[in-house]
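The chain contents come next:
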Amino acid sequence: MIELIQVSKRFGDALAVDDVSLSIERGELCVLIGTSGCGKSTTLRMINRLIEHSAGEIHLEGQPVREFREEVLRRRIGYAIQSTGLFPHWTVARNIGLVPGLLKWPRARIRERVEELMALLGLEVEEFADKYPSQLSGGQAQRVGVARALAADPDILLMDEPFGALDPITRESLQDELVRLQARLNKTIVFVTHDMDEALRLADRLVVMNHGRIIQQGHPLELLRRPADGFVESLLGGADRGLKEAALLPVSQRMTALDDAPLAEQRVSQQATLREALSIMLWRHADCLTVVDAADTPVGQLSLRQLVGAGDARAAAGRTDTDQAAG
Ligand SMILES: Nc1ncnc2c1ncn2[C@@H]1O[C@H](COP(=O)(O)OP(=O)(O)OP(=O)(O)O)[C@@H](O)[C@H]1O
């Protein structure tokens, strides 16, 4: 567990982080988002003491971070950044083995670990192990950066825009990999991004910052449905919130059982999101879809009315529009 208790950071006269309190449970993926310069990276870097905090307390598993030896912090906290920070004159394998090397693991164990991580991140050992960073695409370099952050099997992973500056397809595939890794390895991850869709997709806990302060935190659906103020609401996409929520909910949540009526011609996977289902309806001019499982067997149906949750007035009443709330 990571705990920030009334943490502040001053650079000279400027207050970059202002009285931030945040608790991140073990195994949680916490995303920090906000406007440029609001203190996200500074908050992240105080956790592994790349930056020392000026006031307050930061605890890892109940122990003040200031009391950890540097070597222990390096082993327990992986760090991945947008520019990857790979050493240009080191091969991919040597870059990934950086922290185990510093921790003086035996060479054979380092090699084994490097190969294991390359496989985990979809990097062919034969093809990439001896390449240099300049010979990699941006996406490959970012995979190497993530592999390096995982090398010493840290409990905590700090990721500062690790997928920034990638094309949307590579970015989505790395996001999917991160979600899979997270489910498999149960790491505690703190992730900084500018991209709200990425944040909503990844976060168990979403933390919105502005001017060094936390404005609101909670599950993405909670923030979408009840934004604390106009700033959070517009950051979350304003009028697009309905679509963003639909992107977080699976078809299986709104579908109904098959009845005697003929099957609708257009199909959607039960794993798809409501947003994907809506897109199929719009594209195919269909107001009902047959829901199928992985073997393409029909398991239910989804009408436009069910998709939009029509009739669920109670749920709709719990939602907040800050301009309405203010009025
Ligand atoms: N080493 C430093 N010295 C002085 N000021 C700094 C330093 N590092 C950060 N700052 C300032 O602290 C504030 C917060 O910076 P930080 O990098 O944490 O923001 P951010 O939310 O991560 O921004 P971005 O999204 O643009 O990366 C900014 O005003 C920045 O200029």
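Just so it is clear, the model here is predicted, and its values are computed rather than measured. (Residues numbered from 1 in each chain as written. Predicted model: local features only at pLDDT ≥ 70, side-chain atom pairs only at ≥ 80, totals over all residues.)

**Digging into the sheet that holds strand E8 (residues 188-192)**
- One open sheet holds the 6 strands; their spatial order is E6-E7-E8-E3-E9-E10, and the pairing between them is mixed. Sheet topology places strand E6 (77-81) and strand E10 (213-218) at the edges, where each strand pairs with a single neighbour. When the angles between neighbouring strand axes are averaged without regard to direction, this sheet yields 15°.
- Sheet analysis places strand E3 (residues 29-34) next to strand E9 (residues 205-210), joined by 5 bridges and oriented parallel. (Pairing = 2+ DSSP bridges. Helix = DSSP H or I, 4+ residues; strand = E, 2+ residues; numbered from the N terminus. Axes fitted to C-alpha atoms, helices over the stretch in contact; angles between N-to-C directions.)

**Points about the nonpolar core**
- Cys-30, Val-31, Ile-47, Leu-158, Val-190, Phe-191 and Val-207 are the most contacted members of the largest nonpolar core, which has 67 residues in total.
- Residue contributions to this core peak at 6 residues, all from helix H7 (residues 138-150).
- Not counting residues within four places of it along the chain, the set of residues in contact with Cys-30 comprises Ile-24, Ile-189, Val-190, Phe-191, Ala-203, Asp-204, Arg-205 and Val-207.
- Residues Val-268, Leu-278, Leu-289 and Val-291 belong to the second largest nonpolar core, which totals 10 residues. (Core = buried A, V, L, I, M, F, W, Y, C linked by C-beta atoms within 7 Å. Buried ≥ 20, exposed ≤ 12 C-beta atoms within 10 Å, placed from the backbone. Contact = placed C-beta atoms within 7 Å.)

**What to know about the site of the ligand**
- Neighbouring residues of the ligand: Phe-11, Ala-14, Ala-16, Gly-34, Ser-36, Gly-37, Cys-38, Gly-39, Lys-40, Ser-41, Thr-42 and His-194.
- Sorting the residues of the shell around the ligand by element identifies strand E2 (14-24) and helix H1 (40-47) as the ones contributing at least two each.
- Its residues assigned to classes, the shell around the ligand shows 4 nonpolar, 7 polar and 1 charged. (Near = placed C-beta within 6 Å. Nonpolar A, V, L, I, M, F, W, Y, C, P; charged D, E, K, R; others polar.)

**Concerning H1**
- Along H1, 7 of the 8 residues are buried, which leaves the element largely enclosed by surrounding structure.
- Those residues of H1 that fall on the buried side of the exposure criterion are Lys-40, Ser-41, Thr-42, Thr-43, Leu-44, Met-46 and Ile-47.
- Backbone geometry just after H1 places Arg-49 at a positive phi near 65°.

**A short note on the domain arrangement of the chain**
- For the chain, the domain assignment lists domain 1 (2-239) and domain 2 (251-307).
- Summarising the inter-unit geometry, the C-alpha centres of domain 1 and domain 2 are found 36 Å apart. (Domains from an automatic or database assignment.)

**A short note on the pairing of E2**
- As paired strands, strand E1 (residues 2-11) and E2 are joined by 7 bridges and run antiparallel to one another. Paired with Ile-2 across the two strands is Ile-24, which belongs to E2.
- Hairpin connection of E1 to E2: 2 residues between the antiparallel strands, including Gly-12 at a positive phi of 60°.

**Quick word on the pairing of E6**
- Counted residue by residue, E6 has 4 buried out of 5 residues, so it is predominantly covered.
- With 5 bridges connecting them, E6 and strand E7 (residues 156-160) associate as parallel partners. Across the sheet, the residue bridging to Ala-80 is Met-159, located in E7.

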